[in-house]
Amino acid sequence: MAFSELLERAGGVGLFQTLQVLTLLLASVLLPSHMLLDNFSAAPPGHRCRAHMLDSSSEAPANLTREALLLISIPRGPNQEPQPCRRFRHPQWQLLAPNATATNWSEAATEPCVDGWVYDRSTFTSTVVAEGSPPPPAPQNSRLGLPCHPERLAHLLPFQWGLVCGRQGLKPVGQAVFMAGNLLGALAWGLLSCWFGRKSMLSWCCLQVALANTSAIFAPNFLVYCGLRFLNAFGLAGIILTSTTLMVEWTTTRRRAVTMTILGCTYCTGQMILGGLAFALRDWRALHLATSAPFFAIFLISLWLPESARWLIITGKPERALEELKKVARINGHREAKKALTIEVLMSSMEEEVASAKARPSLLDLFRVPVLRRRSCCLLVVKYAALPSPPLWDTELQRAGSAVGGGDPAGLLGFSHMISYYGLVFDLQNLGRDIFLLQVLFGAVDFLGRATSNVLLRFFGRRVVLASAQALGGLSILANVLVPPDWQGLRVAFAVLGKGCLGLCLTCFSVYKSELFPTSLRMAADGFLQSAGRLGAVVGPLIMTARQALPLLPPLIYGVILIVSSFVLPFLPETRGLPLPDTIQDLENQ
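Not measured: the values here are computed from a predicted model.

**Concerning the overall build of the protein**
Turning to step 1, where the next piece is worked out: Regarding its fold elements, the protein presents 28 helices and 4 strands.
Turning to step 2, where the next piece is worked out: Taking all 590 residues of the protein together, 56% fall into the buried category.
Turning to step 3, where the next piece is worked out: Within the protein, contacts between residues separated by at least 24 positions form 79% of all contacts whose residues are at least 6 apart in sequence.
Turning to step 4, where the next piece is worked out: Accessible surface computed for the protein: about 23,400 Å², of which carbon and sulfur atoms make up 66%.

**Quick word on the state of the cysteines**
Turning to step 1, where the next piece is worked out: Summed over the entire model, instances satisfying the criterion amount to 1 disulfide.
Turning to step 2, where the next piece is worked out: Its sulfur unpaired, Cys 205 is 7.2 Å from the next cysteine sulfur, which belongs to Cys 206.
Turning to step 3, where the next piece is worked out: Among the cysteines around Cys 508, which has no disulfide bond, Cys 505 carries the closest sulfur, lying 6.8 Å off.

**Comments concerning the pattern of salt bridges**
Turning to step 1, where the next piece is worked out: According to the stated counting rule, one finds 7 salt bridges in the structure shown.
Turning to step 2, where the next piece is worked out: Residue Asp 526 pairs with Lys 513 through a salt bridge whose shortest N-O separation is 3.6 Å. With Asp 526 in helix 26 (residues 519-544) and Lys 513 in helix 25 (residues 488-516), this pair connects stretches of sequence that are 13 residues apart.
Turning to step 3, where the next piece is worked out: What you see here is one network of salt bridges that share partners, running through Arg 198, Glu 249 and Arg 522.

**Digging into the UniProt feature "transmembrane region" (unreviewed entry) in the protein**
Turning to step 1, where the next piece is worked out: Under the feature "transmembrane region" (unreviewed entry), the UniProt entry names residues 176-197, 204-224, 230-248, 260-280, 286-305, 464-483, 489-512 and 552-572.
Turning to step 2, where the next piece is worked out: Annotation note: span residues 286-305, helix share 80%, strand share 0%, distance between end C-alpha atoms 30 Å.

**Considerations on helix 24 (residues 462-482)**
Turning to step 1, where the next piece is worked out: Taking 1.5 Å per residue, 21 residues should reach 30 Å; helix 24 reaches 31 Å between its end C-alpha atoms and fits that length.
Turning to step 2, where the next piece is worked out: When helix 24 is considered as a whole, its buried residues turn out to be Arg 462, Val 465, Leu 466, Ala 467, Ala 469, Gln 470, Gly 473, Gly 474, Ser 476, Ile 477 and Asn 480.

**Here's the deal with the nonpolar core**
Turning to step 1, where the next piece is worked out: By size, the foremost hydrophobic cluster in this structure holds 88 residues, and its most contacted members are Ile 239, Trp 250, Phe 295 and Leu 325.
Turning to step 2, where the next piece is worked out: The element contributing the most residues to this core is helix 9 (residues 222-249), with 10 residues.
Turning to step 3, where the next piece is worked out: Built from parts of two domains, this core gets at least three residues from each of domain 1 (1-38 + 162-360) and domain 3 (361-383 + 408-589).
Turning to step 4, where the next piece is worked out: Residue contacts for Trp 250: discarding those within four places in its chain leaves Phe 3, Leu 7, Phe 16, Gln 17, Gln 20, Pro 306, Glu 307, Ser 308, Ala 309, Glu 324, Leu 325 and Val 328.
Turning to step 5, where the next piece is worked out: Counting 27 residues, the second-largest nonpolar core is a separate cluster that includes Leu 54, Leu 69, Val 128 and Trp 284.

**A short note on the confidence of the model for the protein**
Turning to step 1, where the next piece is worked out: Mean pLDDT over the protein works out to 76, with 78% of the residues at or above the 70 mark.
Turning to step 2, where the next piece is worked out: For the protein, the element scoring lowest by mean pLDDT is helix 21 (residues 428-431), at 41; helix 12 (residues 294-302) scores highest, at 94.
Turning to step 3, where the next piece is worked out: With pLDDT under 50 throughout, residues 133-159 is counted as low confidence; its partners more than four residues away or in other chains account for 57 contacts.
Turning to step 4, where the next piece is worked out: Note that residues 390-432 has pLDDT below 50 and, in this model, 174 contacts with residues that lie over four places away or in other chains.

**Quick word on the packing of aromatic side chains**
Geometry of an aromatic ring pair is reported as the spacing of the ring centres plus the angle between the planes.
Turning to step 1, where the next piece is worked out: Scanning all chains against the criterion turns up 11 aromatic pairs.
Turning to step 2, where the next piece is worked out: Ring geometry for Trp 195 against Phe 196: centres 6.4 Å apart, planes inclined by 85°, an arrangement best described as edge-to-face.
Turning to step 3, where the next piece is worked out: Residue classification places Trp 195 among the partly exposed residues on the basis of a relative accessible area of 27%.
Turning to step 4, where the next piece is worked out: Plain terms: the ring middles of Tyr 225 and Trp 284 are 5.7 Å apart, the flat faces sit at 90° to each other, and that makes the pair edge-to-face. You can see Tyr 225 sitting in helix 9 and its partner Trp 284 sitting in helix 11 (residues 284-292), a full 59 residues away along the chain. Like Trp 284, Tyr 225 is buried.

**As for the packing of helix 9 against helix 10 (residues 256-280)**
Turning to step 1, where the next piece is worked out: Two elements in contact, helix 9 and helix 10, have axes separated by 10 Å at closest approach and are oriented at 150°. When the interaxial angle is binned, helix 9 and helix 10 end up roughly antiparallel. The two elements helix 9 and helix 10 cross, and the hand of that crossing is right-handed. Only Arg 256, Thr 259, Met 260, Leu 263 and Tyr 267 of helix 10 make contact with helix 9, whose side of the interface consists of Ile 240, Thr 244, Met 247 and Val 248.
Turning to step 2, where the next piece is worked out: Among the residues forming the contact of helix 9 with helix 10, the class breakdown is 6 nonpolar, 2 polar and 1 charged.

**Observations concerning the side chain of Thr 315**
Turning to step 1, where the next piece is worked out: Considering the arrangement of structural elements, one finds Thr 315 in the loop between helix 13 (309-314) and helix 14 (318-331).
Turning to step 2, where the next piece is worked out: Relative accessible area serves as the criterion here: at 17%, Thr 315 is assigned to the buried category.
Turning to step 3, where the next piece is worked out: Among the polar contacts listed, one links the side chain of Thr 315 to the backbone oxygen of Trp 311, at a separation of 2.7 Å.

**Focus on helix 11**
Every α-helix winds through 3.6 residues per turn, so residues three or four apart in the chain are directed the same way.
Turning to step 1, where the next piece is worked out: Among the residues of helix 11, Trp 284, Leu 287, His 288, Thr 291 and Ser 292 are the ones counted as buried. Taken around the axis of helix 11, the buried residues stretch over an arc of 120°, which confines them to a single face.
Turning to step 2, where the next piece is worked out: Close packing links the buried residues of helix 11 with helix 3 (31-35), helix 4 (38-41), helix 8 (198-216), helix 9, helix 10 and helix 12.
Turning to step 3, where the next piece is worked out: Measuring from the backbone nitrogen of Arg 285 back to the side-chain oxygen at the start of helix 11 gives 2.9 Å, which picks out Asp 283 as the cap.

**Side note on a nonpolar patch on the surface**
Turning to step 1, where the next piece is worked out: Together, Val 455, Phe 459, Phe 460 and Val 464 give the surface a local cluster of nonpolar side chains, amounting to about 410 Å² of exposed area.
Turning to step 2, where the next piece is worked out: A per-element tally of the nonpolar patch places helix 23 (residues 453-460) first, with 3 residues.
Turning to step 3, where the next piece is worked out: In this structure, Phe 460 sits in helix 23.
Turning to step 4, where the next piece is worked out: Judged by relative accessible area, Phe 460 falls into the partly exposed class, the value being 48%.

**Here's the deal with the environment of Gln 175**
Turning to step 1, where the next piece is worked out: By secondary structure assignment, the location of Gln 175 is in helix 7 (residues 170-196).
Turning to step 2, where the next piece is worked out: Owing to a relative accessible area of 9%, Gln 175 belongs among the buried residues under this scheme.

**Focus: the environment of Gly 227**
Turning to step 1, where the next piece is worked out: Its location among the elements puts Gly 227 in helix 9.
Turning to step 2, where the next piece is worked out: Gly 227 sits in the partly exposed class, given a relative accessible area of 35%.
Turning to step 3, where the next piece is worked out: Spatially, the C-alpha atoms of Gly 227 and Gly 174 are 8.9 Å apart, while their sequence positions differ by 53 residues.

Conventions adopted
- What you see as residue numbers is a count from 1 along each chain, following the sequence as written.
- Thresholds applied to this predicted model are a pLDDT of at least 70 for local features of residues and 80 or more for the giving and counting of side-chain atom pairs; totals over whole chains, interfaces and linings are not thresholded and use all residues.
- The basis for every side-chain value is the complete set of non-hydrogen atoms in the structure, without hydrogens or water.
- Helix and strand labels come from DSSP, where a helix needs a run of H or I of at least four residues and a strand needs a run of E of at least two; each type is numbered from the N terminus.
- Three exposure classes are used, based on accessible area relative to the maximum for each residue type with a 1.4 Å probe and protein chains only: buried under 20%, partly exposed in between, and exposed over 50%.
- Between two residues, a contact is recorded if the distance between any of their heavy atoms is within 4.5 Å.
- Here, Shrake-Rupley sampling with a 1.4 Å probe gives the accessible areas, and only protein chains in the shown set may cover a residue.
- Disulfides are defined as cysteine sulfur pairs within 2.5 Å.
- Each salt bridge in this description consists of a side-chain nitrogen of Lys or Arg and a carboxyl oxygen of Asp or Glu lying within 4 Å of one another.
- UniProt positions are given in the numbering used here, feature names are shortened, and annotations may be inferred rather than shown by experiment.
- What a helix should span is 1.5 Å times the count of its residues minus one.
- Side-chain atoms within 4.5 Å are what join buried Ala, Val, Leu, Ile, Met, Phe, Trp, Tyr and Cys residues into a set we call a nonpolar core.
- For every domain, the bounds stem from an assignment made automatically or drawn from a database.
- Per-residue confidence from the predictor is reported as pLDDT, which spans 0 to 100.
- Only centres within 6.5 Å qualify two rings of Phe, Tyr or Trp (six-membered ring in Trp) as a pair; their planes then separate them into stacked at under 30 degrees, edge-to-face at over 60, and tilted for everything else.
- Fitting a line to C-alpha atoms yields each axis, with helices limited to the stretch in contact; the angle taken between N-to-C directions then spans 0 to 180 degrees.
- Oblique is the label for every angle not falling under 35 degrees (roughly parallel), over 145 degrees (roughly antiparallel), or within 65 to 115 degrees (roughly perpendicular).
- The sense of a crossing depends on the near helix, which, turned anticlockwise from the far helix by less than a right angle, makes the crossing left-handed and, turned clockwise, makes it right-handed.
- Each residue is assigned to one of three groups, with Ala, Val, Leu, Ile, Met, Phe, Trp, Tyr, Cys and Pro labelled nonpolar, Asp, Glu, Lys and Arg labelled charged, and all others, Gly among them, labelled polar.
- In protein, a polar contact means a hydrogen-donor-capable atom and an acceptor-capable atom, both N or O and within 3.5 Å, with residues adjacent in sequence counting only if both atoms are side-chain atoms; elsewhere, any N or O pair within 3.5 Å suffices.
- This arc is built from the directions going out from the helix axis to the C-beta atoms.
- For patches, a residue must show more than 30% relative accessible area and have no salt bridge; joins then use 9 Å for like charges and 5 Å for nonpolar side chains, namely Val, Leu, Ile, Met, Phe, Trp and Tyr.

Encoded structure:
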């Protein structure tokens, strides 16, 4: 574990670490925008069928109002609102009679929306769901009954957009494709970074994200869009893995916790930034471009970053590692490093690590060695327990959000998205009235939970903080089961407490997992655990589907799993104040 001594000879923590953290945070602050982008770019607007007489001024009788034309063209639903997916085959003139009712028609007189839809564009001028539809109506009034220039209506092709009515199931498919890209990307980049280095993979992933998501705005149909979003998610997983590992491996033991806390808070800030971007940019293409174009600049900026010297030494490249250490020392202004850092000093300090150099680590190594097998299995349990739970808290906060954002329906105060952890909710628009304000609220709650992690980790260690946060989060879930639905304030308080605890869990987990695996396998282990987390994020919403039949089942499952998993952590070693392990022998000596 002599690398910490070499890092001290290169200046310890100085200007280099500051510049490195700022560079990596540029990418990290935009990650939530991509992870939660579909909450806004694919928000389903209100809609109804396009009807010839209603939406064509040349066919409409001059003596009828818009409301009358809507009544004879679109059937009413049980709530007396126009049905979104049916229209009358022919105008129902009898509904204009003084004694007629809105239900005075037969189902046989209706048909699906064969000519497309008219969308409510009062919240979003354009979304992925509404692609392939007519342009928005005149800006002075955006109610559903207004004409939408049908002469410019594009015919919907087999893979064309219009993800409503019978095609509304395609939106979850697109989200599943995105999550699959995250899952596979975590596995792939974890291994590739162990084989080819951290820095080169980070730069490539930034370029891939920029190209894939920018190209998505030119996608001719939903199939191509999903493919590009898959590539985008694949690259995002690599950015998450490589940026975290580079930050940890170039940071001294004393500053590691605070660095990871800053990274976690940056994710939360990104959620709130997304809220502002989405509030300002109501067109999905403009939103995609605003969140993707900066990655071209980040790609160029990332080229200055040095490769992880730890990884270079472990993979048998001490000469290049020495060059990177001298580069860091020069940036830190440590001029004595030229004499203090030589190949002889490096080889003697890292003799054991160089001797154990292995070019191609494998995922199987995590389960071949007993000490790695125990740590991998324990962290898998913790990862699965922490990630399915957030949808419950998001739902509770979103219910309260309808009161927070109540009043003016168009008073959209903030546009946010994404959750810094992977149990994110992709149905924000269905659960709250003001989705922009809610996204900012979620980011603020997560920020508070993560900001406290550095102090707690310094005084209480990794195991105690992580186990306590998981247990307290589980107890908050179970306590909310006992609170009557009318006590909204108390329910929101428990929701905020639980969500904050889970944010704290994920920051602690990011620090802890990096300290439990050797340098040669750190990225492979991280990728494996990230992939397991994606599966947990998929399971969480599936558990929520049982709420309709058994309302108490999801909170009981979430709460019990969190509490039980906290008892797994005593089987892991405490790593507070210990240098990062570079070899398996380092782990056995702890």
